[in-house]
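Chains, contacts and geometry: an overview
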Amino acid sequence: MAESAGAAASTPAVLVLEDGRIFRGTSYGATGTALGEAVFATGMTGYQETITDPSYARQLVVQTAPHIGNTGVNKDDAESRRIWVAGYIVRDAARRPSNWRSERSLDDELLEQGIVGIQGVDTRAITRHLREHKTMRAGIFSGGAVRATDKELVDTVLASAPMEGARLAEEVSVDAAYTVEPKDFGWDGEPRFSITAIDLGLKRMTPIRFAERGVRVHVLPATATIGDITALSPDGVFMSNGPGDPATADNQVTLLRSVLELKIPYFGICFGNQILGRALGFGTYKLRYGHRGINQPVMDRRTGKVEITSQNHGFAVDAPLDGATQAPEQRFGRVEVSHVSLNDDVVEGLSCLDIPAFSVQYHPEAAAGPHDAAYLFDRFIDLMADTKRAGSGAATATATATDTGTDSKTEDTK
């Protein structure tokens, strides 16, 4: 029988990093063993959205905000069907929630879903250690597991799988397709456009943001094929955020190349940005400690505006920062870095200049987070509209040339 949250809180627990650093506290949520990559998230709010973000699969999340759990949890703020963090690390856990929307406490939710956590540790010291030494494998141990020696605990961590080479999108994706209709989210009238969204770790609010703008969203599993997409005749294709190493996403890269060859408008976020980078022929690499939280500054080079963004990624695209460049996969033409991090110059967005495709390395759905990047949904709608108009114009020119017996290319050069 599972322990109560109160009983678990009195149970000794330890956080063990792969380099041998150990932090001691007490259990939070379930007791047992949790292994994964230790990362820190800098959001002051939005802890429920954080722990239910599929991009955190197989990660032990350190919350840098010192007081966690004071607003409890509710069914509306969950961003997916379950908690995805492998383990949870907080400094000062709320003794009881106090918010009119709260339906239960955070520690009860962690306990029910079997998420092993630790509280009462110096999260500032943990964050500084990870920032200075890099994210690393780690383990949370409580209950019977904590009786092992320090060396045994470190050895257990060292035997766990690293994030490099991890293929996780298929593990967190939905098993079956479903559709999000605009009429269910306040849109009055027929849908303006229809898109397919490839779920690589999709957050609930993302298709809702499209639906609010009149876009019907057909959500497909991570294993979707180009045939699955074209069968729906979409106006555009979207690829979501997701966990793991983008170097393992060969199937999704192949799929996106087929989409780009068909010149179907494309928009990707987070993992979808990395997949666009790979589809264009660029490489990806692992960041020292990544970007996680709701306060990451990004420059939109098209407008010169600075956005404060919600991010969660440990990998990035390796592409030239300055000016337009020919994509290594030359059939896709020129590409430029459209957005850049103001903290460390990491690529935060790509824009194709000869095909209808762009992407960003952050969360415009703002769940949780600021709404600075909401315009990106409208930018994609504009791209689909422009592509449809251009296609209609080309079709009209071809039809006219056929009717008159003239060659449309000849007519265009006169």
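Residues numbered from 1 in each chain as written. Predicted model: local features only at pLDDT ≥ 70, side-chain atom pairs only at ≥ 80, totals over all residues. Heavy atoms only, no water.

Glancing now at the overall build of the protein. Per the secondary structure count, the protein includes twelve helices and 20 strands. Expected size for 414 residues packed as a compact globule is a radius of gyration near 22 Å; at 23 Å, the protein falls within 12% of this value. C-alpha extents for the protein along the principal axes are approximately 85 × 45 × 40 Å. A burial count over the protein gives 55% of its 414 residues as buried. Counted over contacts in the protein with a minimum sequence separation of 6, partners at least 24 positions apart contribute 75%. With the model as given, the accessible surface of the protein reaches about 17,400 Å², and the carbon-plus-sulfur share is 49%. Here the protein holds 42 positive side-chain charges and 54 negative ones, and the gap between their average locations is 3 Å. (Helix = DSSP H or I, 4+ residues; strand = E, 2+ residues; numbered from the N terminus. Rg over C-alpha atoms; globule rule 2.2 N^0.38 Å. Buried < 20%, exposed > 50% of the residue type's maximum accessible area, 1.4 Å probe, protein only. Contact = heavy atoms within 4.5 Å. Areas by Shrake-Rupley, 256 points an atom, 1.4 Å probe, with all protein chains shown as cover. Lys, Arg positive; Asp, Glu negative; His and termini not counted. Charge placed at Lys NZ, Arg CZ, Asp CG, Glu CD.)

Assignment of secondary structure puts Thr-206 in helix α7 (residues 205-212). The buried category is assigned to Thr-206, whose relative accessible area is 1%. Each C-alpha atom, one on Thr-206 and one on Phe-377, is 9.4 Å from the other, the two residues being 171 residues apart in sequence. Dropping the residues within four chain positions of it, Thr-206 is found in contact with Phe-238, Ile-269, Glu-365 and Phe-377.

Turning next to the packing of aromatic side chains. Applying the stated rule across the entire model yields ten aromatic pairs. Ring geometry for Phe-210 against Phe-380: centres 6.1 Å apart, planes inclined by 70 degrees, an arrangement best described as edge-to-face. Taken together, the residues Phe-210 in helix α7 and Phe-380 in helix α11 (residues 375-404) connect sequence positions 170 residues apart. Take Phe-210 and Phe-380: they sit in the same class, and that class is buried. What makes Phe-380 buried here is its relative accessible area of 0%. Among the aromatic side chains, those forming a connected cluster through ring pairs are Phe-210, Phe-238, Phe-267, Phe-358, Phe-377 and Phe-380. In this structure, Arg-82 packs its charged tip against the face of Trp-84, placed 4.0 Å from the ring centre. Here the basic side chain of Lys-286 rests over the ring of Phe-315, its NZ or CZ set 5.7 Å away from the ring centre. (Phe/Tyr/Trp six-rings, centres within 6.5 Å; stacked < 30°, edge-to-face > 60°. Lys NZ or Arg CZ within 6 Å of the ring centre and 35° of its normal.)

Attention now goes to the nonpolar core. One broad rule of soluble globular proteins: the nonpolar side chains tend to lie buried together. One finds Leu-256, Leu-260 and Leu-280 to be the most contacted residues of the largest nonpolar core, which totals 34 residues. Looking at this core, the elements with two or more residues in it are β13 (236-239), α9 (250-261), α10 (271-279), β18 (334-341) and β19 (347-352). By residue number, the principal contributor to this core is α9, which donates five residues. When neighbours within four sequence positions are excluded, Leu-260 is seen to be in contact with Tyr-266, Leu-276, Ala-279, Leu-280, Phe-332, Ile-355 and Ala-357. (Core = buried A, V, L, I, M, F, W, Y, C linked by side-chain atoms within 4.5 Å.)

Attention now goes to the confidence of the model for the protein. Confidence in the prediction of the protein, expressed as mean pLDDT, is 92, and 92% of residues score 70 or more. Scored below 50 in pLDDT, residues 1-8 makes twelve contacts in the model with residues more than four places away or belonging to other chains. When the criterion is pLDDT under 50, residues 393-414 qualifies, and its contacts beyond four places in sequence or with other chains add up to five contacts. (pLDDT = per-residue confidence, 0-100.)

With that settled, consider the pairing of strand β8 (residues 116-119). Residues Val-116 and Ile-118 line one face of β8 and the alternating positions Gly-117 and Gln-119 line the opposite face, and both faces are buried. Note: strand β2 (residues 22-29) against β8, four bridges, orientation antiparallel. From the neighbouring strand, Tyr-28 faces β8, where its bridge partner is Gly-117. Inspection of the sheet shows strand β6 (residues 87-89) paired to β8 by three bridges, in the parallel sense. Across the sheet, Gly-87 pairs through a bridge with Val-116, a residue of β8. (Pairing = 2+ DSSP bridges.)

Quick look at the pairing of strand β16 (residues 305-318) now. Counting buried positions along β16 gives ten out of 14 residues, so the element sits mostly inside the fold. Bridge count for strand β15 (residues 283-300) against β16 is twelve bridges, and the pairing is antiparallel. Its bridge partner lying in β16, Arg-292 is registered against Asn-312. Where β15 folds back on β16, the antiparallel hairpin that results is connected by four residues, among which Gly-304 adopts a positive phi of roughly 80 degrees.

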